[in-house]
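Fold and geometry: a report
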Amino acid sequence: MEYVYAALILNESGEEINEDNLTDVLDAAGVDVEESRVKALVAALEDVDIDEAVSEAAAVPAGGAAAGGAAGGEAAADEGGEEEEVEETSDVPDTTDDDDDEDEEASGEGLGELFG
């Protein structure tokens, strides 16, 4: 997620989303940067209008998918069938580290140095 956040910061500040800028933001935040992930993200965002994507994501209700699944389950139960539980999954890999909390203050200082 840190890589996506860095891209959002660059977009919000009007900076170009390229490998150098993304790496600078991640370095300032104290993230161990993997070049392959930076290159993949820059390539994936090449033809994406981030502002439009964010506004579309904000327009979708948070419980939209869950409510649709529940309505389908109720219809099946009304027909005499058994209700199935739907397991929600994500296509985004979990890249969180448990030791991120230890260095929050230091990463904030790095961002301050980057943006003055």
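Residues numbered from 1 in each chain as written. Predicted model: local features only at pLDDT ≥ 70, side-chain atom pairs only at ≥ 80, totals over all residues. Heavy atoms only, no water.

A word on the overall build of the protein
In terms of regular secondary structure, the protein is built from 6 helices and 0 strands. Along the protein, helices (α) and strands (β) appear in the sequence α-α-α-α-α-α when read from the amino end. Restricting the contact set of the protein to residue pairs at least 6 apart, pairs at least 24 apart contribute 55%. Here the protein has roughly 8,900 Å² of accessible surface; of this, 46% comes from carbon and sulfur atoms. (Helix = DSSP H or I, 4+ residues; strand = E, 2+ residues; numbered from the N terminus. Contact = heavy atoms within 4.5 Å. Areas by Shrake-Rupley, 256 points an atom, 1.4 Å probe, with all protein chains shown as cover.)

A word on the environment of Leu 10
Tracing the backbone shows Leu 10 in helix α1 (residues 2-12). Linking Leu 10 and Leu 22, residues 12 residues apart in sequence, is a C-alpha distance of 7.5 Å.

What about helix α2 (residues 19-28)?
Looking only at α2, the buried set comprises Leu 22, Val 25, Leu 26 and Ala 28. Angular distribution of buried residues about the axis of α2 spans 165°; they occupy a single face of the element. (Buried < 20%, exposed > 50% of the residue type's maximum accessible area, 1.4 Å probe, protein only. Arc of directions from axis to C-beta.)

So, a nonpolar patch on the surface
Together, Met 1, Val 4, Tyr 5, Leu 8 and Val 54 make up a nonpolar patch on the protein surface, roughly 430 Å² of accessible area in all. Here the nonpolar patch takes 3 residues from α1, the largest share from any one element. (Patch = residues over 30% accessible without salt bridge, like charges linked within 9 Å, V, L, I, M, F, W, Y side chains within 5 Å. Salt bridge = Lys/Arg side-chain N within 4 Å of Asp/Glu carboxyl O.)

Notes on the environment of Arg 37
On the secondary structure map, Arg 37 appears in helix α3 (residues 35-44). Between the C-alpha atom of Arg 37 and that of Tyr 3, which follows or precedes it by 34 residues, the distance is 8.0 Å.

Side note on a negative patch on the surface
On the surface, Glu 12, Asp 49, Asp 51, Glu 52 and Glu 56 cluster together into a negatively charged patch. Element by element, the count of residues in the negative patch is highest for helix α4 (residues 50-59), at 3 residues. Looking at the element boundaries, Asp 51 is found in helix α4. (Lys, Arg positive; Asp, Glu negative; His and termini not counted. Charge placed at Lys NZ, Arg CZ, Asp CG, Glu CD.)

Notes on the confidence of the model for the protein
With 53% of its residues at a pLDDT of at least 70, the protein reaches an overall mean of 74. Put simply, helix α5 (residues 64-78) is where the protein has its lowest mean pLDDT, 53, and α2 is where it has its highest, 94. (pLDDT = per-residue confidence, 0-100.)

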